[in-house]
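Take a look at the letters that make up each chain.
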Amino acid sequence: MKYRQQRYSIVNTFIIALLMLCYGQVHAQNTELIKGNRFYKDSSYGKAEEQYRKSISKKPTIAAQYNLGNTFYQQQKTEEAIMQYDAAATAAEDATLKAKALYNKGVVYHRNNKLEEAITAYKEALRLTPNDAEIRKNLQLALQNK
């Protein structure tokens, strides 16, 4: 139980940080993304999903893909979350953003006891951000549970 609480708080910290980053960078570009972020913050995940989908249909961005993945994660839509994290990781040129998407992908797999897939995702994220203690910690937990 303790592990899940830590994992959720880590994911939520990443989510909030990215949402704040996205809000500042795309304010003038994409009102659907901004609306989605507001709905997400209010835990209205269905409405957030709708806005992120609209945003992606107009202009696919890493932020919208990543945030849609987080929305799917909150709704326990495992496969959809993984697909969005993959899309964000593939599109991201920035190693930190790519690592966050891969890390969250690992969390989804770990949560669903797909330990081999979780370990692979954590290792990919750790290669991009080798000093990230949280990724390292979750990788170790996944390896211990294997």
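Residues numbered from 1 in each chain as written. Predicted model: local features only at pLDDT ≥ 70, side-chain atom pairs only at ≥ 80, totals over all residues. Heavy atoms only, no water.

This paragraph deals with the nonpolar core. One finds Tyr85 and Tyr122 to be the most contacted residues of the largest nonpolar core, which totals 31 residues. Of all the secondary structure elements, the ones that give two or more residues to this core are helix H2 (31–41), helix H3 (45–58), helix H4 (62–74), helix H5 (78–91), helix H6 (95–111), helix H7 (115–128) and helix H8 (133–145). Sort the elements by how many residues they give to this core and H6 lands first, with seven residues. (Core = buried A, V, L, I, M, F, W, Y, C linked by side-chain atoms within 4.5 Å. Buried < 20%, exposed > 50% of the residue type's maximum accessible area, 1.4 Å probe, protein only. Helix = DSSP H or I, 4+ residues; strand = E, 2+ residues; numbered from the N terminus.)

Turning to the side chain of glutamine 51, a few remarks are in order. In this structure, glutamine 51 sits in helix H3. When near neighbours in sequence (up to four residues on either side) are disregarded, glutamine 51 contacts Glu32, Lys35, Gly36 and Phe39. (Contact = heavy atoms within 4.5 Å.)

Evaluated as defined, the whole model comprises seven salt bridges. Across the pair arginine 53 and glutamate 49 runs a salt bridge, and its minimum N-O distance is 3.0 Å. Placement of both arginine 53 and glutamate 49 in helix H3 is noted, with a separation of four residues, approximately one turn of the helix. The shortest N-O distance in the salt bridge between glutamate 50 and lysine 54 comes to 3.6 Å. Taken as a pair, glutamate 50 and lysine 54 lie in helix H3 at a separation of four residues, close to a single helical turn. (Salt bridge = Lys/Arg side-chain N within 4 Å of Asp/Glu carboxyl O.)

Here we come to unusual backbone geometry. A positive phi angle is found at serine 43, which is not glycine, with a value near 65 degrees. Residue placement: serine 43 occurs in the loop between H2 and H3. We classify serine 43 as partly exposed; its relative accessible area is 45%. At asparagine 113, a residue that is not glycine, the phi angle is positive and equals roughly 55 degrees. Counting through the fold element by element, asparagine 113 comes out in the loop between H6 and H7.

Here threonine 61 is to be found in the loop between H3 and H4. Since its relative accessible area comes to 17%, threonine 61 is described here as buried. Within polar-contact distance, the side chain of threonine 61 engages the backbone nitrogen of alanine 64 at 3.1 Å. (Polar contact = N/O pair within 3.5 Å; in protein donor to acceptor, adjacent residues only side chain to side chain.)

Attention now goes to H6. The terminal C-alpha atoms of H6 lie 24 Å apart, and with 17 residues this matches the ideal 24 Å at 1.5 Å per residue to within 8%. H6 sits mainly inside the fold: 13 of its 17 residues count as buried. The backbone nitrogen of threonine 96 lies 3.1 Å from a side-chain oxygen of the residue at the head of H6, namely aspartate 94. Immediately beyond the C-terminal end of H6, within one or two residues, lies asparagine 113, with a positive phi of roughly 55 degrees. (Expected span 1.5 Å × (residues − 1).)

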